Amino acid sequence: MKNTFLGSLYLILASSIWGGMYVVVKVVVSVIPPLELVWMRYLVAIVALLIIGFITRQKWRIEKRYVLIIIAIGIIGNAISIVAQETGTMLSTAQMGAIITSSTPAFMVIFARLILNERFTLKKSISVCLATIGVLLIVGIGDVNMSSKLGGIALVIAALTWALMSVLVKRLPSDYSQIVVTTYSILVALIVLTPFVLPRLQAINISQLTHPTIWGGVLYLGIISTACGFLLWNRGLQMLNASSGGIFFFFQPVVGTLLGWLILGENIGVTFWIGSSLIFIGVLFVIIEKK
C-alpha cells in the first residue's frame, strides 16, 4: 500500500510538471527550434543529475545485460519522443500537446502485453480503441490548419514512443537507482542528438537567449521538467504496473489546458473536448480493469 501511494504521488507530480511544460515549450520554441531546445535542456539536465548523483554518492555501475535497454530508453524515449513532442507543440497548441500525448497510457497497454506479457483483455482493447478515436478527433477534425494536423501527427509519434520507453523501464531491476538510470538514458540521447544539433546552433539568435523568459524556460525544462520529471516518472513506474501507472498522464492535460488558457489565451473547441473525453474514458477502462 505504501509503494502504491508513493508511486501514485511520484507519477502525479511528474505529470503535473509536464503539463506546465507544454506552455513553457510553446514560448521558448519561438526562439529556440525544437531539436536545439531538446539538446539544451538535456545539457542542463545532465549537469543537474550529475551533481545530485555525486552528492548522494550513487553507484554508477550497470550490468552489461541491461546496457542495451538503457540505450533503447535513451534513443526511443529521450531522443525521438521528446523531439517529436516539442515539434508537435510548436506546430499546434499547448492544449493539443497535453491532450494527445495523454493517450500514452492506452498505448502502454499494447506494449505491456508485447514486452511484459501483461494480460490484454476486452476492457484494455476498448481502452485502446477509444483513445485512438479521441486522438483522431483532435488531430483530424475541426477548424485546424495543416500545421496543427502535422503537429498532431508528431504528438501521436511522441505518445507511442514514450509509451514504449515507459514499458522498457519496467525491464530494469527495481533496485537500480533512478538517478543513475535517468542520467545514462539522457546521456545517450545527448550523444545521439549532438551531431544533428551542433551545425544548427549558429542559426540561433544569441541576443534573444539573454531574455529571462527564454533562459528561465530552458532552466525549467532542463532541471524541473527533465531531471526531476524523469526521475519521478521512472521511480513511480517501478512501484506500479505498466498498465495502471500510465493513467496518471491525465494530470498533464488538466494542468496543460488550464495554463494554456490562462497564460497563452488558447481557445477550447467542442471537438477538442469530445476527443479528450474519449481518451479519458479509454484510459479509465485501464484503471477499473481487475488484475
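Structure: above.
Described in the following lines is the structure provided in the data block. (Residues numbered from 1 in each chain as written. Predicted model: local features only at pLDDT ≥ 70, side-chain atom pairs only at ≥ 80, totals over all residues. Heavy atoms only, no water.)

## A word on the overall build of the protein
Next, step 1: Helix and strand counts for the protein come out as 13 helices and zero strands.
Next, step 2: Going from N to C terminus, the protein has its helices and strands arranged as α-α-α-α-α-α-α-α-α-α-α-α-α.
Next, step 3: Of all 291 residues assigned to the protein, the portion counted as buried reaches 54%.
Next, step 4: In the protein, the share of contacts with a sequence separation of at least 24, taken over all contacts with a separation of at least 6, comes to 91%.
Next, step 5: Carbon together with sulfur atoms contributes 71% to the accessible area of the protein, which is approximately 12900 Å² in total. (Helix = DSSP H or I, 4+ residues; strand = E, 2+ residues; numbered from the N terminus. Buried < 20%, exposed > 50% of the residue type's maximum accessible area, 1.4 Å probe, protein only. Contact = heavy atoms within 4.5 Å. Areas by Shrake-Rupley, 256 points an atom, 1.4 Å probe, with all protein chains shown as cover.)

## Looking at the pattern of salt bridges
Next, step 1: Within the structure shown, the criterion is met by two salt bridges.
Next, step 2: Arg-200 serves as the salt-bridge partner of Glu-36, at 3.0 Å between the closest nitrogen and oxygen. Of this pair, Glu-36 sits in helix 2 (residues 34-55) while Arg-200 is found in the loop between helix 8 (178-197) and helix 9 (206-209), placing the two residues 164 residues apart along the sequence.
Next, step 3: For Glu-36, a relative accessible area of 2% gives the class buried.
Next, step 4: With relative accessibility at 39%, the residue Arg-200 sits in the partly exposed group.
Next, step 5: Of the charged contacts in the structure, one is a salt bridge between Arg-65 and Glu-63, with a shortest N-O distance of 3.3 Å.
Next, step 6: Note on Arg-65: relative accessible area 60%, which makes it exposed.
Next, step 7: Glu-63 sits in the partly exposed class, given a relative accessible area of 29%. (Salt bridge = Lys/Arg side-chain N within 4 Å of Asp/Glu carboxyl O.)

## Things to note about the nonpolar core
Next, step 1: Counting 68 residues, the largest nonpolar core has Trp-18, Ile-32, Leu-37, Tyr-42, Trp-162, Leu-193 and Trp-233 as the members making the most contacts within it.
Next, step 2: Elements with a minimum of two residues in this core: helix 1 (2-28), helix 2, helix 3 (67-91), helix 5 (104-116), helix 7 (146-169), helix 8 and helix 10 (212-239).
Next, step 3: Looking at this core element by element, the count peaks at eleven residues for helix 2.
Next, step 4: Each residue touching Leu-193, except ones within four places of it in the same chain, is listed here: Leu-35, Val-38, Trp-39, Tyr-42, Ala-79 and Val-83. (Core = buried A, V, L, I, M, F, W, Y, C linked by side-chain atoms within 4.5 Å.)

## Observations concerning the packing of aromatic side chains
Next, step 1: In total, this model carries seven aromatic pairs according to the counting rule given.
Next, step 2: Judged by centre distance (5.7 Å) and plane angle (45°), the rings of Phe-54 and Trp-60 are tilted.
Next, step 3: Phe-54 gets classed as exposed once you look at its relative accessible area, which sits at 56%.
Next, step 4: Ring geometry for Trp-162 and Phe-230: centres 5.3 Å apart, planes at 50°, overall tilted. Highlighted residues: Trp-162 in helix 7 and Phe-230 in helix 10, separated in sequence by 68 residues. As far as the burial class goes, Trp-162 and Phe-230 line up, both buried. (Phe/Tyr/Trp six-rings, centres within 6.5 Å; stacked < 30°, edge-to-face > 60°.)

## Regarding the side chain of Arg-41
Next, step 1: Mapping Arg-41 onto the fold places it in helix 2.
Next, step 2: A polar contact is formed between the side chain of Arg-41 and the side chain of Ser-225, at a distance of 3.4 Å.
Next, step 3: Leaving out residues up to four positions away in the same chain, Arg-41 has contacts with Met-21, Ile-82, Glu-86, Leu-221, Gly-222, Ser-225 and Thr-226. (Polar contact = N/O pair within 3.5 Å; in protein donor to acceptor, adjacent residues only side chain to side chain.)

## Looking at the packing of helix 3 against helix 8
Next, step 1: Running from N to C, helix 3 and helix 8 cross one another at 60°; their axes reach a closest spacing of 8 Å. Regarding the angle of helix 3 to helix 8, the classification is oblique. When you trace helix 3 past helix 8, the crossing you get is right-handed. Residues Ile-70, Ile-71, Ile-73, Gly-74, Ile-75, Asn-78, Ala-79 and Val-83 of helix 3 lie in contact with helix 8, whose contacting residues are Tyr-184, Ser-185, Ile-186, Val-188, Ala-189, Val-192 and Leu-193.
Next, step 2: Split by residue class, the contact of helix 3 with helix 8 holds twelve nonpolar, three polar and no charged. (Axes fitted to C-alpha atoms, helices over the stretch in contact; angles between N-to-C directions. Parallel < 35°, antiparallel > 145°, perpendicular 65-115°, else oblique. Left-handed = near helix turned anticlockwise from the far one by under 90°. Nonpolar A, V, L, I, M, F, W, Y, C, P; charged D, E, K, R; others polar.)

## Comments concerning helix 8
Next, step 1: Look at helix 8: 27 Å from first C-alpha to last across 20 residues, which is about the 28 Å you get at 1.5 Å a residue.
Next, step 2: Its side-chain oxygen at 3.2 Å from the backbone nitrogen of Ile-179, Ser-177 defines the N-terminal cap of helix 8. (Expected span 1.5 Å × (residues − 1).)

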